[in-house]
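Spelled out, the chains give:
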Amino acid sequence: MLYQRSSQLFAEAEQVIPGGVNSPVRAFRAVGGTPIFVKEAKGAYLYDEDGNKLIDYINSWGPMILGHAYEPVVNAVIERAKKGTSFGMPTALETEIAKLAVAMVPNIDKIRFVNSGTEACMSAIRLARGYTKRDKIIKFAGCYHGHSDSFLIQAGSGAVTFGTPNSPGVTQGTAKDTLLATYNDLQNVTDLFAANVNEIAAIIIEPVAGNMGCIPPAQGFLEGLRKLCDDNGALLIFDEVMTGFRLAKGGAQELFNIKADIVAFGKVIGGGLPVGAFAARNEIMNYLAPLGPVYQAGTLSGNPLAMAAGLEMLKALNNDTAIFTRLEDKTAYLETGIRKELDKAGIIYTINRTGSMISVHFDASPVTDFKSAARGDNETFKKFFHGLLKEGVYIAPSAYETWFITDALSYDDLDATIDAVGKVAVTL
Ligand SMILES: Cc1ncc(COP(=O)(O)O)c(C=O)c1O
């Protein structure tokens with residue numbers, strides 16, 4: 001496959017956009033080479049500026065769960081745009097999507113729409129801090145909750161104390177209120193509560209982690225977190241930006257039958273337009289301005305185009321009773337096929353999967369937290385990535401990302417992908 005035009009476009013972009021991209025992982029720094037510039041996409045396929053067709057396993061990092069250019073969403077956006085694109089005033093559409101989201105997701109009474117997953121998580125912790133009148137939060141190493149200051153905190157090595165910022169610009173003052181824990185290590189979280197009595201406002205977690213590959217919660221882990229929060233007067237925040245409307249209609253709360261106190265959404269909820277949201281029971285949500293003292297706002301929040309897209313997406317997922325089983329079946333089929341090919345080639349690997357989130361790690365041991373995810377062989381991953389790309393299969397350009405499966409994938413696409421893995425595996 002040729003990437004001449006993408007290379008030219010990237011060189012041009014680098015002159016006027018830092019690193020040539022508007023979000024760092026797109027720059028291919030982790031795998032080397034030149035980012036591919038997309039011209040258009042339809043269903044399960046991307047068509048790039050060089051005329052290549054790729055089977056897409058990123059799907060805009062999650063939102064395109066029903067495939068690219070999904071017609072009901074596209075049509076809703078077009079029709080809505082004709083009537084005005086932003087008012088900064090309430091619309092009936094906002095109530096309609098809010099009602100549907102509240103009906104689909106367990107344990108929430110009210111939802112507030114924002115513009116991104118970052119905003120959703122940032123607002124969720126402000127609300128938790130305001131509601132509990134406590135400052136500290138617990139986050140897990142390797143979990144990503146967007147780029148707001150409180151979350152850009154690096155893991156220490158095992159014994160967790162105060163975090164240190166991992167981006168210049170994040171102050172020590174902010175970092176000291178973020179306590180780091182190890183994913184799937186309940187004792188670690190128990191110790192943090194013991195060392196910070198009545199100081200912890202909330203635990204925030206990706207209930208299935210998707211930002212260090214896909215890491216499912218160990219048996220009893222989420223239940224244990226729920227109990228620790230209850231015992232210590234802290235709130236449990238599920239960051240369902242990836243898992244929401246993907247693992248089940250009601251997300252991870254429904255899949256694992258665990259109640260979170262606040263839930264953050266992004267990605268699928270906007271149908272490919274910039275939307276995030278956070279939601280909780282009345283007593284918590286009523287703490288938000290204008291009802292309560294915790295401030296949160298946005299000029300483009302509840303934007304009519306974004307709400308129209310999100311509403312069509314949620315309606316489609318709500319009305320299709322088989323969608324989540326179909327996604328799971330397709331992803332399980334893919335997993336079986338990839339395993340067979342990697343086994344055949346004698347490759348050392350681990351595959352993690354929950355529903356339609358899946359990741360391949362080039363390491364023999366179980367991948368259960370950030371440390372074990374970081375152990376994977378990056379050189380092999382790079383070869384795997386570029387090998388698949390040559391075969392017309394586009395996975396995330398980083399070993400720390402989950403693959404996002406779309407329902408637009410046919411079994412022929414899955415077979416083609418498995419064949420591609422077979423061809424690449426013998427070269428690793
Ligand atoms: C779990 C999770 N939370 C939050 C975010 C941030 O969302 P956004 O990129 O829309 O700001 C992401 C983005 O990948 C995410 O995966």
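Residues numbered from 1 in each chain as written. Predicted model: local features only at pLDDT ≥ 70, side-chain atom pairs only at ≥ 80, totals over all residues. Heavy atoms only, no water.

## Topic: the site of the ligand
Working step 1: Near the ligand you find Ser116, Gly117, Thr118, Tyr144, His145, Gly146, Glu206, Asn211, Asp239, Val241, Met242 and Lys267, and these make up its full shell.
Working step 2: Side-chain polar atom of Thr118 to an oxygen atom of the ligand: 2.6 Å apart, as the coordinates give it.
Working step 3: For the ligand, the accessible surface in isolation is 390 Å², of which the surrounding protein chains cover 81%.
Working step 4: Of the residues belonging to the shell around the ligand, the class tally is three nonpolar, six polar and three charged. (Near = heavy atom within 4 Å. Polar contact = N/O pair within 3.5 Å; in protein donor to acceptor, adjacent residues only side chain to side chain. Areas by Shrake-Rupley, 256 points an atom, 1.4 Å probe, with all protein chains shown as cover. Nonpolar A, V, L, I, M, F, W, Y, C, P; charged D, E, K, R; others polar.)

## Concerning the sheet that holds strand S15 (residues 393–394)
Working step 1: Pairing is mixed across the open sheet formed by four strands, whose spatial order is S1-S2-S3-S15. Two strands close off the open sheet at either side, each with one partner strand: strand S1 (38–42) and S15.
Working step 2: Bridge count for strand S2 (residues 45–48) against strand S3 (residues 53–56) is three bridges, and the pairing is antiparallel. Note that in S3 the partner of Tyr47 across the bridge is Lys53.
Working step 3: Contacts between helix H14 (residues 411–425) and the sheet are confined to S2, S3 and S15, with S3 contributing the most and set at about 100 degrees to the helix. (Pairing = 2+ DSSP bridges. Helix = DSSP H or I, 4+ residues; strand = E, 2+ residues; numbered from the N terminus. Contact = heavy atoms within 4.5 Å. Axes fitted to C-alpha atoms, helices over the stretch in contact; angles between N-to-C directions.)

## Quick look at helix H4 (residues 117–132)
Working step 1: Given a rise of 1.5 Å per residue, 16 residues ought to cover 22 Å, and the 22 Å separating the end C-alpha atoms of H4 matches this to within 8%.
Working step 2: Most of H4 is tucked away: 12 of the 16 residues are buried.
Working step 3: Residues of H4 that are buried include every one of Gly117, Thr118, Glu119, Ala120, Cys121, Ser123, Ala124, Ile125, Leu127, Ala128, Arg129 and Thr132, and no others.
Working step 4: Looking one or two places after H4, you find Lys133, whose phi comes out positive at around 60 degrees. (Expected span 1.5 Å × (residues − 1). Buried < 20%, exposed > 50% of the residue type's maximum accessible area, 1.4 Å probe, protein only.)

## Considerations on the nonpolar core
Working step 1: Tyr57, Phe140, Leu317 and Trp403 are the most contacted members of the largest nonpolar core, which has 107 residues in total.
Working step 2: Counting residues in hydrophobic clusters, the runner-up holds 23 residues, among them Val114, Ala128, Val241 and Leu288. (Core = buried A, V, L, I, M, F, W, Y, C linked by side-chain atoms within 4.5 Å.)

## A few points about the pattern of salt bridges
Working step 1: Scanning all chains against the criterion turns up 21 salt bridges.
Working step 2: Between Arg226 and Asp261 there is a salt bridge; the shortest N-O distance is 2.9 Å. Of this pair, Arg226 sits in helix H7 (residues 221–232) while Asp261 sits in the loop between helix H8 (251–256) and strand S11 (262–265), and the two are 35 residues apart along the sequence. Of the two residues examined, Arg226 and Asp261, each falls in the buried class.
Working step 3: Linking Glu283 and Arg281 is a salt bridge whose minimum nitrogen-to-oxygen distance equals 3.0 Å.
Working step 4: Accessibility expressed as a relative area gives 22% for Arg281, which makes it partly exposed.
Working step 5: Residues joined in a network through salt bridges with shared partners are Arg226, Asp230, Asp261, Arg281 and Glu283. (Salt bridge = Lys/Arg side-chain N within 4 Å of Asp/Glu carboxyl O.)

## Concerning the side chain of Arg129
Working step 1: Locating Arg129 in the fold gives a position in helix H4.
Working step 2: Despite being buried, Arg129 has no salt bridge partner; Asp177 is the closest side chain of opposite charge, sitting 4.9 Å away.
Working step 3: Arg129 has contacts with Arg134, Asp135, Ile137, Ser150, Asp177 and Ala201, leaving out every residue within four places of it along the chain. (Lys, Arg positive; Asp, Glu negative; His and termini not counted.)

## Quick look at the packing of helix H11 (residues 323–344) against H14
Working step 1: Closest axis-to-axis distance for the H11/H14 pair is 9 Å, and the angle between their directions is 20 degrees. The pairing of H11 with H14 is recorded here as roughly parallel in orientation. Taken as a pair, H11 and H14 cross one another with a handedness that is right-handed. Contacts between H11 and H14 pair Asp329, Lys330, Tyr333, Leu334, Gly337, Ile338, Glu341 and Leu342 from the former with Tyr411, Leu414, Asp415, Thr417, Ile418, Val421, Gly422 and Ala425 from the latter.
Working step 2: A class-by-class count of the residues in the contact of H11 with H14 yields nine nonpolar, three polar and four charged. (Parallel < 35°, antiparallel > 145°, perpendicular 65-115°, else oblique. Left-handed = near helix turned anticlockwise from the far one by under 90°.)

## Points about H14
Working step 1: If you check H14, its first and last C-alpha atoms are 21 Å apart, about what 15 residues at 1.5 Å a residue would give, namely 21 Å.
Working step 2: Those residues of H14 that fall on the buried side of the exposure criterion are Asp413, Leu414, Thr417, Ile418, Ala420, Val421, Gly422, Val424 and Ala425.
Working step 3: Residues of H14 that are buried in the fold lie against S2, S3, H11, helix H13 (378–390) and S15.

## Side note on the sheet that holds strand S13 (residues 350–354)
Working step 1: The strand order S13-S14-S16 describes an open sheet built from three strands, whose pairing is antiparallel. Of all strands in the sheet, those with a lone pairing partner are S13 and strand S16 (403–404), marking the two edges.
Working step 2: With two bridges connecting them, strand S14 (residues 357–361) and S16 associate as antiparallel partners. What sits directly across from Ile358, in S16, is Trp403.

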